[in-house]
Amino acid sequence: MSGDLTEHQMELLARVLQHGGALASPFGHPGEDSLLEDIDTLEARGLITVDRTRGSDEPERISLTQEGYDALGMA
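Residues numbered from 1 in each chain as written. Predicted model: local features only at pLDDT ≥ 70, side-chain atom pairs only at ≥ 80, totals over all residues. Heavy atoms only, no water.

A. Spotlight on the environment of Gly20. Summarising the element assignment, Gly20 is placed in the loop between α1 (7-18) and β1 (22-24). Taking the C-alpha atoms as reference, Gly20 lies 8.9 Å from Ser63; in sequence the two are 43 residues apart. (Helix = DSSP H or I, 4+ residues; strand = E, 2+ residues; numbered from the N terminus.)

B. Structural detail: the nonpolar core. Judged by nonpolar contacts, the single largest core of 14 residues is most densely connected at Leu13, Leu42, Ile48 and Ile62. Here the element with the most residues in this core is α1; it accounts for 3 residues. (Core = buried A, V, L, I, M, F, W, Y, C linked by side-chain atoms within 4.5 Å. Buried < 20%, exposed > 50% of the residue type's maximum accessible area, 1.4 Å probe, protein only.)

C. The arrangement of the sheet that holds strand β3 (residues 59-64) in detail. One open sheet accounts for 3 strands, arranged β1-β3-β2; its pairing is antiparallel. Taken across any chain shown, the strands that pair with only one partner, and hence form the sheet edges, are β1 and β2 (48-52). Pairwise comparison of adjacent strand axes, ignoring direction, gives a mean angle of 15° for this sheet. Relative to β3, β1 runs antiparallel, the two being bridged by 3 bridges. Paired with Ala24 across the two strands is Arg61, which belongs to β3. The strands touched by α1 are β1, β2 and β3; relative to β3, the strand with the most contacts, the crossing angle is about 85°. The strands touched by helix α2 (residues 36-44) are β2 and β3; relative to β2, the strand with the most contacts, the crossing angle is about 120°. (Pairing = 2+ DSSP bridges. Axes fitted to C-alpha atoms, helices over the stretch in contact; angles between N-to-C directions. Contact = heavy atoms within 4.5 Å.)

Next comes the structure, spelled out in structure tokens:
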């Protein structure tokens, strides 16, 4: 499955993995693409779960699912 992910999507999954499988906002670094456009796609594919800020659609925390670990070769 990881073969059909973009480089940015793989980078976002790897960033979440580097933070123990869960990453709180902000997801990027100042001056860098925050990768927010990939969050909805990865969530729809079941690779991450997204906790959103109450009363907003803004993602607050993202976590890898088992499928996300598998996409990173961490089965």
